[in-house]
2 protein chains.
Amino acid sequence: MGNITIKMLAKELNLSTAAVSKALNDSHEISESTKQRVLELAAALNYVPHPYAGSLREKKSNTIAVVIPEVADSFFSLALNGIESVAIEKGYHALIYLTHERFEREKTILKDLESGRVDGVIMSLTMKTNTFGHLKTLNKIVPMVFFDRVCEEIDTAKITTNDEECGYQATQHLIDQDCKKIAILSISDSLSISSKRMQGYQRALLDSGRAYDASCVIDYSEDPAENLEQLRKAFKAAGRPDGIVATVSKMTTDIYLVAMELGLRIPEDLKVVSFSNDSTVAILNPSLTTITQPAFEMGELAANILFRALKKKDLIWTEESRVLPSQLFIRNSSTGSL
Amino acid sequence: MGNITIKMLAKELNLSTAAVSKALNDSHEISESTKQRVLELAAALNYVPHPYAGSLREKKSNTIAVVIPEVADSFFSLALNGIESVAIEKGYHALIYLTHERFEREKTILKDLESGRVDGVIMSLTMKTNTFGHLKTLNKIVPMVFFDRVCEEIDTAKITTNDEECGYQATQHLIDQDCKKIAILSISDSLSISSKRMQGYQRALLDSGRAYDASCVIDYSEDPAENLEQLRKAFKAAGRPDGIVATVSKMTTDIYLVAMELGLRIPEDLKVVSFSNDSTVAILNPSLTTITQPAFEMGELAANILFRALKKKDLIWTEESRVLPSQLFIRNSSTGSL
DNA sequence: ATGAAAGCGCTAACAC
DNA sequence: GTGTTAGCGCTTTCAT
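Not measured: the values here are computed from a predicted model. (Residues numbered from 1 in each chain as written. Chains lettered and ligands numbered in written order. Predicted model: local features only at pLDDT ≥ 70, side-chain atom pairs only at ≥ 80, totals over all residues. Heavy atoms only, no water.)

## A few points about the pairing of strand E5 (residues 157-161) of chain A
All names here are of chain A.
Here comes step 1: Extensive coverage of E5 is indicated by the burial of five of its five residues.
Here comes step 2: Burial along E5 is two-sided: Ala157, Ile159 and Thr161 facing one way and Lys158 and Thr160 facing the other are all buried.
Here comes step 3: Sheet analysis places strand E4 (residues 144-147) next to E5, joined by three bridges and oriented parallel. Bridged to Phe146 within E5 is Lys158.
Here comes step 4: Pairing analysis gives three bridges linking E5 to strand E11 (residues 322-324), with the strands arranged parallel. Within E11, the position partnered with Ile159 by the bridge is Arg322. (Buried < 20%, exposed > 50% of the residue type's maximum accessible area, 1.4 Å probe, protein only. Helix = DSSP H or I, 4+ residues; strand = E, 2+ residues; numbered from the N terminus. Pairing = 2+ DSSP bridges.)

## Comments concerning the relation of the copies chain A and chain B
Here comes step 1: When chain A is brought onto chain B, the operation consists of a screw motion whose angular component is 180 degrees and whose axial shift is 0.1 Å, with 0.1 Å RMSD remaining. The symmetry that links the two subunits is that of a two-fold axis.
Here comes step 2: The overlap is high: 100% of the interface residues of chain A also sit at the interface in chain B, so the same surface is used on both sides. (Least-squares fit on C-alpha atoms with pLDDT ≥ 70 in both. Contact = heavy atoms within 4.5 Å.)

## Considerations on the nonpolar core
Here comes step 1: Core analysis: the largest hydrophobic core is formed by 64 residues, its most contacted members being Ile64 and Phe147 of chain A together with Ile64 and Phe147 of chain B.
Here comes step 2: Each residue touching Phe147 of chain A, except ones within four places of it in the same chain, is listed here: Ile68, Phe75, Phe76, Ala79, Ile83, Ile122, Met123, Ser124, Ile159 and Ala302 of chain A.
Here comes step 3: Counting residues in hydrophobic clusters, the runner-up holds 49 residues, among them Phe235 and Tyr256 of chain A together with Ala183 and Leu264 of chain B. (Core = buried A, V, L, I, M, F, W, Y, C linked by side-chain atoms within 4.5 Å.)

## Remarks on helix H6 (residues 103-112) of chain A
Here comes step 1: Along H6 of chain A, the residues that are buried comprise Phe103, Arg105, Glu106, Ile109 and Leu110 of chain A. Along H6 of chain A, the residues classed as buried sweep out an arc of 155 degrees about the axis, all on the same side. Away from its buried face by more than 90 degrees, H6 of chain A exposes Glu104 and Thr108 of chain A.
Here comes step 2: Looking at the buried side of H6 of chain A, the elements it contacts are strand E1 (63-68), strand E2 (93-98), strand E3 (120-123), helix H7 (133-141) and E4 of chain A together with helix H5 (74-89) of chain B. (Arc of directions from axis to C-beta.)

## Some remarks on the domain arrangement of chain A
Here comes step 1: Segmentation of chain A into domains returns domain 1 (6-49), domain 2 (57-160 + 295-324) and domain 3 (163-292 + 328-334).
Here comes step 2: The C-alpha centroid of domain 2 of chain A is placed 37 Å from the C-alpha centroid of domain 1 of chain A. (Domains from an automatic or database assignment.)

## A word on the protein's contact with DNA strand C
Here comes step 1: The full set close to DNA strand C counts 27 residues, and Lys22 and Lys59 of chain A together with Ile6, Tyr47 and Arg57 of chain B are the nearest of them.
Here comes step 2: Sugar and phosphate atoms constitute 64% of the interface atoms of DNA strand C, taking the interface as everything within 4 Å of the protein.
Here comes step 3: Here Ser16 of chain A contributes a backbone N or O atom positioned 2.7 Å from a phosphate oxygen of DNA strand C.
Here comes step 4: Within the side chain of Arg57 of chain B, a nitrogen or oxygen atom sits 2.4 Å from a base oxygen of DNA strand C.
Here comes step 5: Within the surface near DNA strand C, the residues separate by chemical class into ten nonpolar, nine polar and eight charged. (Near = heavy atom within 4 Å. Polar contact = N/O pair within 3.5 Å; in protein donor to acceptor, adjacent residues only side chain to side chain. Nonpolar A, V, L, I, M, F, W, Y, C, P; charged D, E, K, R; others polar.)

## Quick look at the interface of chain A and chain B
Here comes step 1: Counting residues at the interface gives 53 residues for chain A and 53 residues for chain B.
Here comes step 2: In total, chain A and chain B occlude about 5,000 Å² of area from one another, counting both sides; carbon and sulfur atoms represent 62% of this.
Here comes step 3: Between chain A and chain B we count two salt bridges in total.
Here comes step 4: Linking chain A with chain B are 20 residue pairs in polar contact (both at pLDDT 80 or more).
Here comes step 5: Mapped onto the side of chain A that touches chain B, the elements with two or more residues apiece are helix H4 (51-58), helix H5 (74-89), E2, H6, H7 and helix H11 (252-261) of chain A. (Buried area = accessible area lost by both parts, 1.4 Å probe. Salt bridge = Lys/Arg side-chain N within 4 Å of Asp/Glu carboxyl O.)

## Here we look at the sheet that holds strand E7 (residues 217-219) of chain B
All names here are of chain B.
Here comes step 1: Strand order in the open sheet made by the six strands is E7-E6-E8-E9-E10-E12, with mixed pairing throughout. Here the strands that pair on one side only, and so sit at the sheet edges, are E7 and strand E12 (327-329). Averaged over all pairs of adjacent strands, the angle between strand axes in this sheet comes to 15 degrees, irrespective of strand direction.
Here comes step 2: Alignment of strand E9 (residues 271-275) against strand E10 (residues 289-292), held across three bridges, turns out to be parallel. What sits directly across from Ser274, in E10, is Thr290.
Here comes step 3: In this fold helix H8 (residues 163-176) packs onto strand E6 (182-186), strand E8 (243-246), E9, E10 and E12, with an angle of close to 165 degrees to the strand it touches most, E9. (Axes fitted to C-alpha atoms, helices over the stretch in contact; angles between N-to-C directions.)

## Brief notes about the pattern of salt bridges
Here comes step 1: As enumerated under the stated definition, the model contains 36 salt bridges over all chains in all.
Here comes step 2: One network of salt bridges, in which partners are shared, links Asp26, Glu32 and Lys35 of chain A.

## What about the sheet that holds strand E12 (residues 327-329) of chain A?
By definition, the strands of a sheet pair up through backbone hydrogen bonds, in either a parallel or an antiparallel sense.
Residues and elements named next belong to chain A.
Here comes step 1: As summarised here, the arrangement of the six strands in space is E7-E6-E8-E9-E10-E12, forming an open sheet in which the pairing is mixed. Sheet topology places strand E7 (217-219) and E12 at the edges, where each strand pairs with a single neighbour. Each adjacent strand pair in this sheet contributes to an overall mean axis angle of 15 degrees, direction not counted.
Here comes step 2: Bridging between strand E6 (residues 182-186) and E7 involves three bridges; their strand directions are parallel. Note on E7: the bridge partner recorded for Leu185 is Ile218.
Here comes step 3: On top of the sheet, helix H8 (residues 163-176) reaches E6, strand E8 (243-246), strand E9 (271-275), strand E10 (289-292) and E12; it is set at about 165 degrees to E9, its chief contact.

## So, helix H12 (residues 295-311) of chain B
Residue and element names in this part refer to chain B.
Here comes step 1: The terminal C-alpha atoms of H12, which comprises 17 residues, lie 25 Å apart, in line with the 24 Å expected from a rise of 1.5 Å per residue.
Here comes step 2: Residues Ala295, Met298, Gly299, Leu301, Ala302, Ala303, Ile305, Leu306, Phe307, Ala309 and Leu310 constitute the buried set of H12.
Here comes step 3: Residues of H12 that are buried sit in contact with strand E1 (63-68), H5, strand E3 (120-123), strand E4 (144-147), strand E5 (157-161) and strand E11 (322-324). (Expected span 1.5 Å × (residues − 1).)

## What to know about the packing of H5 of chain A against helix H12 (residues 295-311) of chain A
Residue and element names in this part refer to chain A.
Here comes step 1: Between H5 and H12, the least distance of the axes is 7 Å, while the angle of their chain directions is 40 degrees. Viewed along their axes, H5 and H12 form a crossing whose handedness is right-handed. Judged by residue contacts, Phe75, Leu78, Ala79, Asn81, Gly82, Ile83, Ser85, Val86 and Ala87 of H5 engage Ala295, Phe296, Met298, Gly299, Glu300, Ala303, Asn304 and Phe307 from H12.
Here comes step 2: Tallied by class, residues from the contact of H5 with H12 come to eleven nonpolar, five polar and one charged. (Left-handed = near helix turned anticlockwise from the far one by under 90°.)

## Quick word on the packing of aromatic side chains
Ring pairs (aromatic) are described by centroid distance and by the angle formed between their planes.
All names here are of chain A.
Here comes step 1: Using the criterion set out here, one finds eleven aromatic pairs over all chains in the structure.
Here comes step 2: Considering the side-chain rings of Phe75 and Phe147, the 6.2 Å spacing of their centres and the 35 degrees angle between planes classify their relative orientation as tilted. With Phe75 in helix H5 and Phe147 in strand E4, this pair connects stretches of sequence that are 72 residues apart. Phe147 matches Phe75 in its accessibility class, with the two residues each being buried. (Phe/Tyr/Trp six-rings, centres within 6.5 Å; stacked < 30°, edge-to-face > 60°.)

## Considering the pairing of E6 of chain A
Residue and element names in this part refer to chain A.
Here comes step 1: Of all five residues in E6, five are buried, a share of seventy percent or more.
Here comes step 2: Side chains of E6 alternate between two faces, with Ile182, Ile184 and Ser186 and Ala183 and Leu185 buried alike.
Here comes step 3: Handedness of the crossover joining E6 and E7 through helix H9 (residues 192-207) is recorded here as right-handed. (Right-handed = clockwise from strand over helix to strand, strands pointing away.)

Written out as structure tokens, the structure is:
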């Protein structure tokens, strides 16, 4: 660990630690000449203040935690990017915690964060998070901002996109392309973004006078083999879907591969729309129609709100919540123009 | 920040803080009965020890820093994933710092890390890092492990892949596919992985009796528009390449798009091999032949070595260096089998 | 303008 | 088996 301390500087300069500390912090009660001397020696000795000593006294760590399900995912990595950009700019440090979609991990991590390790938390829930006690407890101790997979039950700022609308748009787009039977890939029963996307899907069906068919819902599974099997079953069935909305980008590859395997052509036999932030969507075979979230901006915004709140305590949190629009990009996977 | 302290527990229980501390740490010099009492109250009051107080005393933060160029990148996000997995398992916390390929940012970050904020550092250099003083300084204070974009000048553990060989393999593969003129996309002049891949490329050319042609080297630029322009120029030239090795995955999309734009068919007119960890390579149009690095494992290994070193100081660092093999996956972008 | 001293929360000698 | 004390590195009253 870092070695050279204020005490050493003080001794070397025949000053008190107090004087050195004040000089280092450019206090007005220190003469210019001593400030000079202190600063010079500090630079010469390569003095770097020990952050944890300061934190202990000031009860302020200048550190935030980012708790997300996964980082090897284009949405979350872009969001993290946005968060980190703001953090560094504001002089904060970011601890990263991955839950890997495990509820238990989320609870353990949040429990640790009650310690005072961080001044604030930015997070996105696990797919399986269905109780909220651990969130409520932490939120009493430390400011939290949620993004994307937010917790409706907690009274704090939340950054989301227009999920219901996007579910609607994606579905409506497939309806416009003459799809007769539209399946949807759903990620979670408990997550609000998931149910919102599902609601949009159902509303679109209803608006065009179609009945909601529960057999059209394919649930995402942790087990990749299981996912492939689900898709095979769905695509082989007598009344197989001719359109599919994937609310989670990681299953896009599976859809393409299973379609290929079964000789289903995209988009002729099956039209696909996927929620995705992946940069390769334009060069897929065929290029993929997507709902794309403003991932970087969501991260940036979440961080900005958190840091603003960290400055002035008198913030009305929930009023800071924002809904950023996602965008539908129509490409070849959902149109006839291949 | 966290509020309930050992002092409070002590008062409540009519014990000294020392006794409480020992009880909490399950010391043998404390009676079972008091341990019980302490543990119960701690649980009831939801006591969580303040990490920075401990760090200050123990001169140990249980925190590491991960310094990488970018996180919205499949290689680095997978590596981060590997690092975080190990860290959490060992009870460590991971601070994440993104350099965004800026040398200045790298220096600033490393300077801060001299403070004792972390017990160790895992990092991958900027494309532009060409002096090493900041690395040497930090390495004297805190153990460092490099991965992928390593610094040869520093005497510590380095996790790499067989970059020279991979450059060779990729090039040889294109030669085997009858490519007459093979271009290479290079990322940096100063990075050792970059020059190794380049060396492999040159060796393959030489082995098949070809001359190295400097005009075949396309340099990666920060500016996306500039990159596209470079590719257009190269692909339009009279003696345009019929094969290309991309040593950096982010330009794959550009290659595909420019080829499309100019009416060049992949693989018929232009065969492509790219270094990539992207999960969508199999469903690109056409599917992409890749050199794929063991990203997750590299992160895991780097972390394991670091944590092992943190335990026992008597470690011979350089001997811990490891070269993990990358793998060539032949797909349609480089073969005739479309 | 500078110094002495206390204290942030914790642990580790060293008493008793 | 439990308490007293000192100290990690820093800032901040409160003297002087």
